[in-house]
Amino acid sequence: MVSQRDGAIEGVDRSDMGRYRILILGGTTEARHLAELLAERPEFETTISLAGRTEAPKPLPVPTRIGGFGGASGLADYLVEQKIDLMIDATHPFANQISANAAKAAQASGVPVFALCRPGWVRQAYDRWISVGSVAAAVIALGQAPRRVFLSIGRQEAHRFSTAPQHSYLVRSVDPVEPPLKLPDCRYILATGPFTAEGETDLFRFNRIDTLVTKNSGGLATYGKIEAARALGLAVIMIERQVPPGIRTVHDAEAALELVDHLLSPAK
Ligand code: NAP
């Protein structure tokens, strides 16, 4: 992996100007998969960008830059300075700010963009979902009566549940929630998926969980908790996605590669 925080990319052969330059906005399994596919294609010079939230990101097969761009205008400047030919927004479906920035920067710079975003989960028979539009609404949806909550929304917005101290919480995240939540009954698990339905069922049973709070992230890696909640008849507070900016969207890395091939002709 070649990476540099908050700066120019090192290790990229700038002498080869005949190749198409692709920027992937990453941070997801789908972005990683697409990077793996593009790394096999010598006609493309691919860079992946990470926000830098994860303390020890797994190595990637293409040059990596880490850190914000400085808003939509900073991203637009980067696209122009780095002579990017195509940007792919493969960020998490709940990373709303960077997706909005990508749409604006594409418009300002004239660099084409499309999104790679996995579809959301769809409610099945026996699911007991309460769908809400935000993390703040999820806190309210828990209600006043004490619950035993499994909180699986990532660490960044977990602090919002500090306003509902009547519940007992088990919080799972990839990196530690810092600072810890100001709650009388809160325990933490650090873990990275994928998670199986069997494992999640055992976890929920052992901890006597009665309510799952999750984002509708989609994908298979974390679907086990949804299956486990269904099997155990648990309530699920499902935080739904915001409507994405109106840019073309594909749902998996293979479809993204097809679109890259369509948008970028073989010879530059
Ligand atoms: P966000 O709220 O949409 O973005 C906040 C700021 O972080 C952006 O304005 C941008 O800073 C910077 N940023 C975000 N993604 C970036 C990227 N790929 N490369 C460079 N800068 C980036 O994002 P978030 O929800 O904090 O998510 C951050 C990262 O974690 C994303 O890469 C996302 O794919 C991943 N992720 C998010 C979630 C989630 O639930 N939100 C879950 C799993 C993974 P500047 O304005 O300075 O450019």
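Nothing here was measured: the structure is a model prediction, and the numbers come from that model.

A.B. asks: So what's going on with the pattern of salt bridges? Residues and values would help.
C.D. replies: When the charged atoms of two side chains with opposite charge come close together, those side chains can pair. A complete count under the given rule lists nine salt bridges for this structure. A salt bridge links E45 to R19, with the shortest nitrogen-to-oxygen separation between them at 3.6 Å. Separated by 26 residues along the polypeptide, E45 in strand β3 (residues 44–50) and R19 in the loop between β1 (3–5) and β2 (20–25) bring together distant segments of the chain. Of the residues examined, E45 reaches a relative accessible area of 6% and is grouped as buried.

A.B. asks: Can you lay out the site of the ligand for me, pointing to particular residues and giving the numbers?
C.D. replies: What surrounds the ligand is a group of 23 residues, the closest being G26, S49, F69, H92 and I98. Within the contact set of the ligand, an oxygen atom lies 3.0 Å away from a backbone nitrogen or oxygen of G71. The contact in question runs from an oxygen atom of the ligand to an N or O atom on the backbone of Q97, over 2.9 Å. Across the complex, the protein chains shield 78% of the 820 Å² of accessible surface that the ligand would expose by itself. When contributions to the shell around the ligand are tallied by element, the ones reaching two or more residues are β3 and α3 (96–109).

A.B. asks: Describe the domain arrangement of the protein, naming the residues involved and giving the relevant values.
C.D. replies: Where interface size is given, it is often the accessible area lost as the parts come together that is meant. Taken domain by domain, the protein consists of domain 1 (3–119 + 244–263) and domain 2 (128–239). Counting residues at the interface gives eight residues for domain 1, matched by 11 residues for domain 2. Of all residues in domain 1, R53, E55 and F94 bury the most surface against domain 2, accounting for 57% of the area lost on that side. Connecting domain 1 to domain 2 are zero salt bridges. Inspection of the domain 1/domain 2 interface yields five residue pairs in polar contact (both at pLDDT 80 or more). Along the lines of polarity and charge, the residues of the side of domain 1 that touches domain 2 split into three nonpolar, two polar and three charged.

What counts, and where the lines are drawn
- The residue count restarts for each chain, going from 1 along the sequence in the order it is written.
- Where local features are concerned, this predicted model is filtered to residues with pLDDT of at least 70; where side-chain atom pairs are given and counted, the filter is 80 or more; whole-chain, interface and lining totals use all residues.
- Note: side-chain values were computed over all heavy atoms of the structure, leaving out hydrogens and water.
- The salt bridge criterion pairs a side-chain nitrogen of Lys or Arg with a carboxyl oxygen of Asp or Glu, the two atoms within 4 Å.
- Runs of H or I in DSSP of at least four residues are treated as helices and runs of E of at least two as strands, each being numbered from the N terminus.
- Burial classes follow relative accessibility: with a 1.4 Å probe on protein chains only, a residue under 20% of its type's maximum area counts as buried, one over 50% as exposed, and anything between as partly exposed.
- Put simply, a residue is near a molecule or strand once any heavy atom of it comes within 4 Å of that molecule or strand.
- Throughout this description, a polar contact denotes any pair of N or O atoms lying within 3.5 Å of each other; where both atoms belong to protein, one of them has to be capable of donating a hydrogen while the other can accept it, and for residues adjacent in sequence the pair is counted only when both atoms sit in side chains.
- Here, Shrake-Rupley sampling with a 1.4 Å probe gives the accessible areas, and only protein chains in the shown set may cover a residue.
- Here the bounds of each domain stem from an automatic or database domain assignment.
- What makes two residues a contact is simply this: any of their non-hydrogen atoms within 4.5 Å.
- A simple way to read buried area is as the amount of 1.4 Å-probe accessible surface that goes missing from two parts once joined, with both sides added.
- Residues are grouped as follows: Ala, Val, Leu, Ile, Met, Phe, Trp, Tyr, Cys and Pro are nonpolar; Asp, Glu, Lys and Arg are charged; every other residue, Gly included, is polar.

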